[in-house]
Amino acid sequence: LRLVASRGLPGAEGSDSALGALVDPDHPTALVADASQDPRLREDALVAGEAGVRFFVTAALSGPRGELLGVLGVGDRRRRDAGADELARIAPLATLAARAFEGAALARCRQAAEAGPSAIVVVEPGGTTIFANAAARDLLGPAAMPGQPLDRLVPLSLQPEPEQVAHWLHGDGKAHGEVPTARELRIRDAAGELRTVEAVRCDWHDGGTRGVALILRDITDPAGSTRESRAARRDALTGLSTREALFATIDS
């Protein structure tokens, strides 16, 4: 682990330290009375160097699934005989730090998703959209707004194989290999035009909550299908929408 932030250790950021390896998800806290007497730590840069850390208490920062996010540590240049009280004090601080760390990581993921060229839609277990990036909003329009049902985003009435698509969207047959990773879907874009997208399904879970995320890439033939679709839905003389276009919009 690399030291990314500190207070009271000027110039220490970016250094590697064995102090961060004292804990893991199975051993979430550790305390060292005098690091200079510990054979694992006496040659460490933060112990033998200018910082001269002696007493050190540390706790693992764990994510919601028990994964190691980082390490929080408090040290002193003086040796200290300490015990359970210090461990009890650092544990709630580690919980707060882990929540802040996770929130920052989620914010970076959201920023990356917003900047990506592919349409990304995240759906909660009940089948309702909870997040759609800018590309998804541009492609799908109101159907990608949070709170909209997945069946509005991917109408089964447009699919050549609606039962298979329904199982692909809502089924949980991954353990048995029943749900393929990707398939083609038919959707209505923000203008109501019929389009074909290549969709990749990604299952996600947060504790006991499960849902899916869809990554969509428009593969509609720009020289054929889209042009024909628009022509079929416009009156050749007036340029107004046809009755078929009205019915298609109502069905979607």
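Once a new chain begins, its residue numbering starts again from 1 and follows that chain's sequence as written. In view of the model being predicted, local features appear only for residues whose pLDDT reaches at least 70, and side-chain atom pairs are presented and counted only at 80 or more, with totals across whole chains, interfaces and linings using the full set of residues. Hydrogens and water are ignored here; the side-chain numbers use all heavy atoms of the structure.

Structural notes on the overall build of the protein chain
- Secondary structure elements are taken from DSSP: a helix is a run of H or I of four residues or more, a strand is a run of E of two residues or more, and numbering for both begins at the N terminus. In terms of helices and strands, the protein chain carries seven helices and eight strands.
- Between buried and exposed lies partly exposed: a residue is buried under 20% and exposed over 50% of the maximum accessible area for its type, with that area taken using a 1.4 Å probe on protein chains only. Taken over 252 residues, the protein chain has a buried fraction of 35%.
- Every residue pair with non-hydrogen atoms within 4.5 Å of one another is taken to be in contact. Nonlocal contacts in the protein chain, meaning residues at least 24 apart in sequence, comprise 42% of its contacts between residues at least 6 apart.
- For the protein chain, the exposed area adds up to about 14900 Å²; of that, 54% sits on carbon and sulfur atoms. Here, Shrake-Rupley sampling with a 1.4 Å probe gives the accessible areas, and only protein chains in the shown set may cover a residue.

Some thoughts on helix 5 (residues 162–170)
- Buried within helix 5 we find Val165, Trp168 and Leu169. Buried residues of helix 5, seen end-on, are gathered within an arc of 95 degrees and therefore sit on one face of the element. What the arc covers is the set of directions going from the helix axis to the C-beta atoms.

Topic: the sheet that holds strand 2 (residues 55–62)
- Here the rule is simple: two strands pair whenever DSSP picks up at least two bridges between them. Strand order in the open sheet formed by three strands is 1-2-3, with antiparallel pairing between adjacent strands. On the outer flanks of this sheet lie strand 1 (29–32) and strand 3 (68–76), each paired with one strand and no other. Taken over all neighbouring pairs, the strand axes of this sheet differ in orientation by 15 degrees on average, direction set aside. Orientation is described by lines fitted to C-alpha atoms, with helices fitted over the stretch in contact, and by angles between N-to-C directions that extend from 0 to 180 degrees.

Overview of the nonpolar core
- To form a nonpolar core, buried Ala, Val, Leu, Ile, Met, Phe, Trp, Tyr and Cys residues must be joined to one another through side-chain atoms within 4.5 Å. Leu140 and Leu216 are the most contacted members of the largest nonpolar core, which has 22 residues in total.
- Mapped by element, the contributors of at least two residues to this core are strand 4 (119–123), helix 3 (134–140), helix 4 (150–153), helix 5, strand 6 (182–188), strand 7 (194–206) and strand 8 (209–218).
- Apart from the residues lying within four places of it in its own chain, the contact partners of leucine 140 are Val121, Leu153, Ile187, Arg188, Asp189, Ala190 and Leu216.

Topic: the confidence of the model for the protein chain
- A residue's pLDDT is simply how confident the predictor is in it, with values from 0 to 100. Chain-level statistics for the protein chain give a pLDDT mean of 81 and a share of 79% at 70 or above.
- The least confident element of the protein chain, judged by mean pLDDT, is helix 6 (residues 225–232) at 45; the most confident is strand 6 at 93.
- Low pLDDT, under 50, characterises residues 224–231; the predicted model gives this stretch nine contacts beyond four residues in sequence or across chains.

Describing the environment of leucine 140
- Summarising the element assignment, leucine 140 is placed in helix 3.
- For leucine 140, a relative accessible area of 2% translates into the label buried.
- A C-alpha to C-alpha distance of 8.7 Å links leucine 140 and glycine 192, two positions 52 residues apart in sequence.

Let's talk about the pattern of salt bridges
- Salt bridge, as applied in this entry: a Lys or Arg side-chain nitrogen positioned within 4 Å of an Asp or Glu carboxyl oxygen. Within the structure shown, the criterion is met by 11 salt bridges.
- In this structure, arginine 137 engages glutamate 114 in a salt bridge whose closest nitrogen and oxygen atoms are separated by 3.3 Å. A residue pair is termed long-range when its members are at least 10 positions apart, and arginine 137 in helix 3 and glutamate 114 in helix 2 (residues 84–115) qualify at 23 residues.
- What emerges from the salt-bridge pattern is a single network uniting Arg80, Glu86 and Arg89.

Observations regarding the packing of aromatic side chains
- Think of it this way: a Phe, Tyr or Trp ring, Trp meaning its six-membered ring, pairs with another when their centres are within 6.5 Å, and the plane angle makes it stacked under 30 degrees, edge-to-face over 60, tilted otherwise. One pass over the full model with this rule turns up zero aromatic pairs.
- By definition here, charges over rings are those cases where NZ of Lys or CZ of Arg is within 6 Å of the ring centre and within 35 degrees of the ring normal. Above the plane of the ring of phenylalanine 55 lies arginine 80, whose end atom (NZ or CZ) is 4.6 Å from the centre.

Description of the environment of leucine 41
- Locating leucine 41 in the fold gives a position in the loop between strand 1 and helix 1 (45–48).
- Judged by its relative accessible area of 0%, leucine 41 falls in the buried class.

Description of the side chain of threonine 220
- By the element assignment, threonine 220 lies in the loop between strand 8 and helix 6.
- Whenever a nitrogen or oxygen atom comes within 3.5 Å of another N or O atom, the pair is scored as a polar contact, on the condition that within protein one atom can donate a hydrogen and the other can accept it, and that pairs from neighbouring residues in sequence are kept only if both atoms are in side chains. A distance of 2.8 Å separates a polar atom in the side chain of threonine 220 from the backbone nitrogen of threonine 196.
- Within the structure, threonine 220 has its side chain in polar contact with the side chain of aspartate 218 (distance 2.8 Å).

Brief notes about the environment of threonine 58
- For threonine 58, the location among the structural elements is in strand 2.
- Residue class for threonine 58 comes out buried when judged on its relative accessible area of 0%.
- As for threonine 58 and valine 23, which are separated by 35 residues in sequence, their C-alpha atoms are 7.3 Å apart.
- Once residues within four sequence positions are removed from consideration, threonine 58 is found in contact with Leu22, Val23, Pro28, Thr29, Ala30, Val71, Leu72, Gly73 and Ile90.
- There is a polar contact of 3.0 Å between the side chain of threonine 58 and the backbone oxygen of leucine 72.

What about the pairing of strand 2?
- For strand 2, the tally of buried residues reaches seven of eight residues, placing the bulk of the element in the interior.
- Here strand 1 runs beside strand 2; their pairing, made up of four bridges, is antiparallel. Bridge pairing in strand 2 places threonine 29 opposite alanine 59.
- Pairing analysis gives eight bridges linking strand 2 to strand 3, with the strands arranged antiparallel. The residue of strand 3 that forms the bridge with phenylalanine 55 is aspartate 76.
- Hairpin remark: strand 2 followed by strand 3, antiparallel, with five residues in the connecting loop; positive phi at glycine 66, about 85 degrees.

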